[in-house]
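If you want the building blocks of each chain, they are given just below.
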Amino acid sequence: MRHIIGLLTATLLLCGTLPARALQPYSERVREHVLDNGLKVLLLEDHKAPVGVVQLWYKVGSRNERPGFTGLAHVLEHMMFKGTKRYGPEEYSRIIKRNGGNENAFTSNDATTYFATLANDRLDIALELEADRMQNLSFAESEFTPELQVIMEERRMRVDNSPVGVMFEALRANAYLAHPYQWPVIGWMTDLEQATRSDALAFYKTHYQPNNAVLVAVGDFRNDDILERIEKHFGDIPAGTPPPVVRAIEPAQEGERRVTVRRAAELPYVAMAFHVPELGHADAYALEVAAAVLAGGRSSRLYEDLVYKRRLARSAVAEYDLISIDPSLFYLYAQPLP
């Protein structure tokens, strides 16, 4: 017992020596700064490991597209790796990997995000490359056309050749009548077939500018030091004309809507979607908790009831997109047993 008490005392003493800053919640440690050109910078100094992450969030996603031009936000995500006036196609990825880092990107309804993780003494590389891509994107038709074919094949794999993918796409398209959340992030195939290099570059010039972006850096650095380097790489990029505002508001739904998708499949699938508030609403976090309680894992209520007890389904899932800009959907879906 003395050994246990001694160990506990030593641990408490050790905790007492931690700097007060390290015990602060992350939300209180984030430093915010806005450059003169409108680029918002969020910094979190964290010395747990000698690495850092740089993320560049552009406030543009499928929500900012229009009929006939869907999928452009995702197309542009791909084209951002196809070269600038300074660096050739795929050079961005090769430079990051050559310096021991990794990188990736994703597109959502509301944002397009690029990120790289590097050793803390190599973060300048990511900052320089992202600043270059923000203002100097340049790709040839010979790069655009093959990449567009890759994206269309991605759509075939994830949606067109997937009964469940087709079902969810139909569900979302029927849930919204007026809002751009109705179309898929990857875009309609008919729009992708018509997309051109000039469409992608026009979308880039409209939305990719410092006053429409947020740079996030987290890692083993000093805030003042990293901010100085961000100013060096991004400070001279001129602000652009603010992109068009999305004014669409989904009208209230006045009755149940149903859609049935008939595709060859071994088992049926059923999904329900409810209109719910976005992140800024007081109920947002309650909905996030509800998703976890209802069907957030194998110990959740719907999973236990439908899968374990009554053996009606192979799976049961609840999902809520917490961080959407506009009111979104709360999903419940399951795959019944034969």
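Residues numbered from 1 in each chain as written. Predicted model: local features only at pLDDT ≥ 70, side-chain atom pairs only at ≥ 80, totals over all residues. Heavy atoms only, no water.

### Some details on the pattern of salt bridges
Now for step 1: Evaluated as defined, the whole model comprises 20 salt bridges.
Now for step 2: One salt bridge connects arginine 258 with glutamate 256, and the closest N-O pair in it is separated by 3.2 Å.
Now for step 3: Residue arginine 258 is classed as exposed on the basis of its relative accessible area of 73%.
Now for step 4: Here the salt bridges share partners, and the residues they tie into one network are Lys82, Glu90 and Glu147. (Salt bridge = Lys/Arg side-chain N within 4 Å of Asp/Glu carboxyl O. Buried < 20%, exposed > 50% of the residue type's maximum accessible area, 1.4 Å probe, protein only.)

### Regarding helix H7 (residues 141-160)
Now for step 1: For H7, spanning 20 residues, the distance from its first C-alpha to its last is 26 Å, which sits close to the expected 28 Å at 1.5 Å a residue.
Now for step 2: Restricting attention to buried positions, one finds in H7 the residues Phe144, Glu147, Leu148, Ile151, Met152, Glu154, Arg155 and Val159. Relative to the axis of H7, the buried residues are bounded by an arc of 155° and lie together on one face. Opposite its buried face, H7 presents the exposed residues Ser142 and Met157, each directed more than 90 degrees away.
Now for step 3: Here the buried face of H7 lies against helix H4 (72-79), helix H8 (163-175), helix H9 (189-194) and helix H10 (197-207). (Helix = DSSP H or I, 4+ residues; strand = E, 2+ residues; numbered from the N terminus. Expected span 1.5 Å × (residues − 1). Arc of directions from axis to C-beta. Contact = heavy atoms within 4.5 Å.)

### Looking at the layout of surface pockets
Now for step 1: Considered as a void within the structure, the largest pocket measures approximately 1,200 Å³ in volume.
Now for step 2: Contributing to the lining of the largest pocket are 36 residues, with Thr107, Ser108, Asn109, Val185 and Asp321 lying nearest its centre.
Now for step 3: Of the residues that constitute the lining of the largest pocket, the class distribution is 19 nonpolar, eight polar and nine charged.
Now for step 4: There is about 850 Å³ of room inside the second largest pocket.
Now for step 5: Taken together, 27 residues make up the lining of the second largest pocket; nearest its centre are Met167, Leu171, Val259, Val270 and Ala271.
Now for step 6: When contributions to the lining of the second largest pocket are tallied by element, the ones reaching two or more residues are H8, strand E7 (270-276) and strand E9 (328-336).
Now for step 7: Class assignment for the residues of the lining of the second largest pocket results in 17 nonpolar, five polar and five charged. (1 Å grid on protein atoms, 1.4 Å probe; cavity = no way out; pocket = protein on both sides within 12 Å on 5 of 7 lines; lining within 4 Å. Points joined across faces, edges and corners; volume = space filled by probe spheres on them. Nonpolar A, V, L, I, M, F, W, Y, C, P; charged D, E, K, R; others polar.)

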